[in-house]
Amino acid sequence: MFSGIAAGLFSALLISISYVFSRAHIRKYGDPVALAVYSQLVMGAGGVLLLGLSFFFQEVPWTDRRFLLLLAGDVGFFLIGQTSFFIVIKQVEATRASSLLGLKLIVLALIAVVIGRPLSPLQWLAIVLCTVAAAGMNFSGGHLPVKSVFWLLVSVLFYALCDSCIAEMMLMMPGRSMLTNSFGVMGISYTALALAVLPATMKYPLRKRLLLDAVPYGIFYFTSILFLMTCFGLIGVVFGSIMQAGRGIISVLLGILLIRLGLEKTEPMVSRRLWIQRALMAVLMLTAMTLYTCASIR
């Protein structure tokens with residue numbers, strides 16, 4: 001269990017770092033879509049490697065129409081969610097925006113209500129706590145622009161839909177090990193994502209400098225997902241999701257470290273009071289997600 005917890009926390013750290021690199025790329029070039037295209041090409045190389053390895057462990061249900069529809073949903077939803085989030089961090093510091101991704105909990109709850117799954121009192125409490133945490137995070141460094149709020153909501157909606165597709169795909173994999181199933185789905189997904197963005201290179205021709213600057217984000221993000229899948233395989237999706245929710249707290253600590261290192265361009269200076277407020281809201285967000293997850297398995 002310790003290995004699974006460590007993998008989950010390390011994944012949360014890596015994904016928080018990846019968002020810092022993505023903000024640096026967008027601040028330098030000003031184009032969120034270009035980063036989405038170049039980073040998917042970088043991560044596609046890892047996806048092809050995983051896909052090749054997965055053939056040695058299990059078969060992939062390529063002929064299952066439902067599996068292919070889920071794969072198409074996974075690719076489309078992720079690209080929309082990722083690009084929307086890149087638009088957000090064009091105006092909002094990455095460590096703050098990363099914490100706000102906890103709003104995905106509210107979207108998941110809304111999806112559950114729409115498909116007819118009633119929520120328990122504990123889950124409603126988690127939603128209230130999540131809302132309070134998001135509001136508190138909003139007031140921890142200046143109000144978020146209306147445009148950023150819109151794209152944040154778009155990103156959490158499509159990330160939630162993407163997660164739902166991935167969860168169903170993992171259940172359809174024929175392997176007996178969740179770990180091999182996870183890596184198999186990851187290989188399929190990132191290979192498909194790279195193929196999906198290839199036509200976009202007609203509008204965004206490969207430029208060596210932009211591609212190289214997208215490599216740090218791609219490597220950190222892809223590696224974070226590898227550790228997340230390892231975490232899921234060792235301690236399960238439920239507990240692993242709680243570990244991943246800890247990225248809000250990690251992001252706040254990372255922001256403080258960046259300020260200490262003098263990287264104000266990446267993380268703007270705010271008062272100590274606001275950093276404490278961000279930390280408290282991140283803990284509240286983690287509490288909300290833990291409550292919701294525990295209530296779901298009950």
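Rules and cut-offs
- Residues numbered from 1 in each chain as written.
- Predicted model: local features only at pLDDT ≥ 70, side-chain atom pairs only at ≥ 80, totals over all residues.
- Heavy atoms only, no water.
- Helix = DSSP H or I, 4+ residues; strand = E, 2+ residues; numbered from the N terminus.
- Buried < 20%, exposed > 50% of the residue type's maximum accessible area, 1.4 Å probe, protein only.
- Areas by Shrake-Rupley, 256 points an atom, 1.4 Å probe, with all protein chains shown as cover.
- Axes fitted to C-alpha atoms, helices over the stretch in contact; angles between N-to-C directions.
- Parallel < 35°, antiparallel > 145°, perpendicular 65-115°, else oblique.
- Left-handed = near helix turned anticlockwise from the far one by under 90°.
- Nonpolar A, V, L, I, M, F, W, Y, C, P; charged D, E, K, R; others polar.
- Expected span 1.5 Å × (residues − 1).
- Phe/Tyr/Trp six-rings, centres within 6.5 Å; stacked < 30°, edge-to-face > 60°.
- Disulfide = S-S within 2.5 Å.
- Contact = heavy atoms within 4.5 Å.
- Core = buried A, V, L, I, M, F, W, Y, C linked by side-chain atoms within 4.5 Å.
- Salt bridge = Lys/Arg side-chain N within 4 Å of Asp/Glu carboxyl O.

A. The overall build of the protein, seen in detail. Secondary structure summary: the protein contains 12 helices and 0 strands in total. Along the protein, from the amino end to the carboxyl end, the secondary structure elements read α-α-α-α-α-α-α-α-α-α-α-α. Burial statistics for the protein: of 298 residues in total, 52% are counted as buried. Looking at the protein as shown, the accessible area adds up to about 14100 Å², and 72% of this sits on carbon and sulfur atoms.

B. Focus on the packing of helix H1 (residues 2–29) against helix H9 (residues 208–235). Look at H1 against H9: their axes get within 8 Å of each other, and the N-to-C directions meet at 160 degrees. Compared by their axis directions, H1 and H9 come out roughly antiparallel. In the crossing of H1 with H9, the sense of the turn from one axis to the other is left-handed. When grouped by side-chain class, the residues that make up the contact of H1 with H9 number 20 nonpolar, 10 polar and 3 charged.

C. Focus on helix H8 (residues 178–197). The end-to-end C-alpha separation of H8 is 28 Å, in line with the 28 Å expected for 20 residues at 1.5 Å each. Across the 20 residues that make up H8, a large majority, 14, are buried.

D. Structural detail: the packing of aromatic side chains. Tallied over the entire structure, the rule returns 11 aromatic pairs. Measuring from centroid to centroid gives 5.1 Å for Phe150 and Trp151, while their planes differ by 75 degrees, and the two rings are edge-to-face. For Phe150, a relative accessible area of 49% puts it in the partly exposed group. Among the residues examined, Trp151 registers a relative accessible area of 25% and is labelled partly exposed. Centre to centre, the rings of Tyr217 and Tyr221 are 5.5 Å apart; their planes meet at 35 degrees, and the pair counts as tilted. Here Tyr217 pairs with Tyr221, and both are found in helix H9, just 4 residues apart, close to one helical turn. Accessibility classification places Tyr217 together with Tyr221 in one group, the buried group.

E. Region of interest: the state of the cysteines. Summed over the entire model, instances satisfying the criterion amount to 0 disulfides. Left unpaired, Cys162 is separated from the closest cysteine sulfur, that of Cys165, by 6.7 Å.

F. Spotlight on the packing of helix H7 (residues 146–172) against H8. Packing of H7 against H8 leaves a shortest axis separation of 9 Å and a crossing angle of 125 degrees. Considering the angle they form, H7 stands oblique to H8. In the packing of H7 onto H8, the handedness of the crossing is right-handed. From H7, Ile166, Met169 and Met170 reach across to H8, where they touch Met178, Asn181, Ser182, Val185 and Ser189. Here the contact of H7 with H8 is composed, by residue class, of 5 nonpolar, 3 polar and no charged.

G. Up close: the nonpolar core. Counting 69 residues, the largest nonpolar core has Tyr19, Tyr190 and Tyr221 as the members making the most contacts within it. Element by element, the count of residues in this core is highest for H9, at 9 residues. With near-sequence residues (within four places) excluded, Tyr19 lies in contact with Phe85, Ile89, Ala94, Ser98, Leu101, Tyr217, Tyr221 and Arg247.

H. Expanded view of the environment of Gly81. Examined against the element boundaries, Gly81 turns out to sit in helix H3 (residues 65–88). C-alpha separation for the pair Gly81 and Tyr159, spaced 78 residues apart in sequence, amounts to 5.3 Å. In this structure Gly81 touches Ser155, Phe158 and Tyr159, once residues within four positions along its chain are discounted.

I. Quick look at the pattern of salt bridges. Inspection of every chain in the model, using the stated rule, returns 3 salt bridges. Of the charged contacts, one joins Glu168 and Arg66 as a salt bridge, the two residues approaching to 2.9 Å between their closest N and O atoms. Of this pair, Glu168 sits in helix H7 while Arg66 sits in helix H3, and the two are 102 residues apart along the sequence. Residue class for Arg66 comes out partly exposed when judged on its relative accessible area of 43%.

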